[in-house]
Amino acid sequence: MSLTLSPTYLRLVPLIFVWVWSTGFLVAKFGKTNAEPFTLLSYRFALVLMALWLIIKVVGCRWPTNWRLVMHCMVVGLLLHGLYLGGIFQAISLGMPAGLSAMVIGLQPLTMALFAGLMLGEFVSKRQWLGLVMGLIGLGLVLAEQFALDTTTMFEGFSGWAVVLVVAALMGISIGTLYQKKFCHEVELLNSIWLQYAAALVLTLLVAFNFETRVVNWQWPFIVSLAWQVLALSIGAVLLLMIMIRQGAATKVGSLFYLVPPTVALQAWFLFGEAIGLQGLVGITLIAAGVAQAMWPSRN
């Protein structure tokens, strides 16, 4: 089964991806009070595996017979789902503010640009570097206003391990995304994603059974949140990400992550009445301009 999209539909994918990915921050609050981080992720990944298995059976995807490719997909899963999501969830559970963790993860486009040259041999043009820097400045403006970070208190109240975990999460999603593009392009997307989550589930179960109580408070808000995380985020958004990685330069795809924090801020303003000031609007405008610069087709 081919999941290659025409240029017309591919233009819509980034917009859909950014919105769906941004909702993960809005539904996360329903999960963290009802289950420990790796317990929650274990349920999430197990449900994803069951749903994907049914989809794969229906569409008739061919499983890879090369064990080297299987192992490559599993490495992606450990990095992109296990290390990234596990690191973020655990860092927040240790007391790190969501705004501060978002600022660290916001460095991803620059990190991917640096690693893209080493891992993929991609050339990052001056226009793209300009766009990445513009996006980073805009991100700082949005987050500084949205979360009102105070340099005298922002590092208080959480374990130093939280910093290690969120930096590990940044490395996980950056390297995992590039690793996927370099080594897993021969595996059909649905099968690749299934193998990724299988590896990630092994990791989260090991942590949950050794370090957590595995108690879950099954309330309806939590169930709805979990369902959205499984269907929209872990299947829908990740599938869109894999399509973009295969059909575009990694640096361009990475720049889209700059759009996630301001999209969260706009949704929070619409849904919860959280104010956005002039500084935030300037930051959002700068991010949009920066992403446009980074995504602009290169001239050969």
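Structure first, text after, so check above.
Quick look at the structure, then. For every chain, the first residue of the written sequence is number 1, and numbering continues from 1 onward in sequence order. Residue-level local features of this predicted model are given only where pLDDT is at least 70; pairs of side-chain atoms are given and counted only at 80 or more, and the full residue set underlies all totals for whole chains, interfaces and linings. Neither water nor hydrogens contribute to the side-chain values; these are computed over all heavy atoms in the structure.

### Quick notes on unusual backbone geometry
No. 1: A positive phi angle, near 65°, is found at Arg214, a position not held by glycine.
No. 2: The topology assignment puts Arg214 in the loop between helix 9 (189-211) and helix 10 (220-247). Each helix is a run of DSSP H or I of at least 4 residues and each strand a run of E of at least 2, with the numbering of both proceeding from the N terminus.

### Looking at the nonpolar core
No. 1: Buried residues of nine kinds, namely Ala, Val, Leu, Ile, Met, Phe, Trp, Tyr and Cys, make up a nonpolar core once their side-chain atoms join them within 4.5 Å. Burial classification: accessible surface area is computed with a 1.4 Å probe over protein chains only, and a residue below 20% of its type maximum counts as buried, one above 50% as exposed, and the rest as partly exposed. Judged by nonpolar contacts, the single largest core of 69 residues is most densely connected at Phe17, Trp21, Leu52, Tyr84, Tyr197, Leu241 and Met242.
No. 2: Counting residues per element, the ones that place at least two in this core are helix 2 (13-32), helix 3 (37-59), helix 4 (67-93), helix 5 (98-105), helix 6 (108-119), helix 8 (160-183), helix 9 and helix 10.
No. 3: If near-sequence neighbours (up to four positions away) are discounted, Tyr197 is found in contact with Phe45, Val48, Leu49, Leu52, His81, Ser234 and Val238. Any two residues whose heavy atoms approach within 4.5 Å at even a single point are treated as in contact.

### Regarding the packing of aromatic side chains
No. 1: Aromatic pairs are defined between Phe, Tyr and Trp rings, using the six-membered ring for Trp, whenever the two ring centres lie within 6.5 Å; interplanar angles under 30 degrees are classed as stacked, those over 60 as edge-to-face, and all others as tilted. According to the stated counting rule, one finds 8 aromatic pairs in the structure shown.
No. 2: Both rings, one in Tyr179 and one in Phe183, keep their centres 4.5 Å apart while their planes meet at 45°; by these two values the pair is tilted. Here Tyr179 pairs with Phe183, and both are found in helix 8, just 4 residues apart, close to one helical turn.
No. 3: Residue class for Phe183 comes out partly exposed when judged on its relative accessible area of 26%.
No. 4: Among the aromatic residues, those joined into a ring-pair cluster are Tyr43, Trp218 and Phe222.
No. 5: Criterion for a charge above a ring: Lys NZ or Arg CZ within 6 Å of the ring centre, and within 35 degrees of the ring normal. The ring centre of Phe183 lies 5.5 Å from the NZ or CZ of Lys182, which sits over that ring.

### Examining the packing of helix 4 against helix 9
No. 1: An axis is simply a line fitted to the C-alpha atoms; with a helix, the fit covers only the stretch in contact. Between two such axes, the angle follows the N-to-C directions and lies from 0 to 180 degrees. In the contact formed by helix 4 and helix 9, the axes pass within 7 Å of each other and the chain directions differ by 60°. Judged by the angle between their axes, helix 4 and helix 9 are oblique. Between helix 4 and helix 9 the crossing geometry is right-handed. Residues Val70, Cys73, Met74, Val76, Gly77, Leu78, Leu80, His81, Gly82 and Leu83 of helix 4 form the contact with helix 9, whose participating residues are Ser192, Leu195, Gln196, Tyr197, Ala199, Ala200 and Leu203.
No. 2: Residues are grouped as follows: nonpolar covers Ala, Val, Leu, Ile, Met, Phe, Trp, Tyr, Cys and Pro; charged covers Asp, Glu, Lys and Arg; every other residue, Gly included, is treated as polar. Classifying every residue of the contact of helix 4 with helix 9 gives 12 nonpolar, 5 polar and no charged. Comment on the angle field: the value is read as roughly parallel under 35 degrees, roughly antiparallel over 145, roughly perpendicular from 65 to 115, and oblique elsewhere. By convention, the crossing between two helices is left-handed when the near helix turns anticlockwise from the far helix through less than a right angle, and right-handed when the turn is clockwise.

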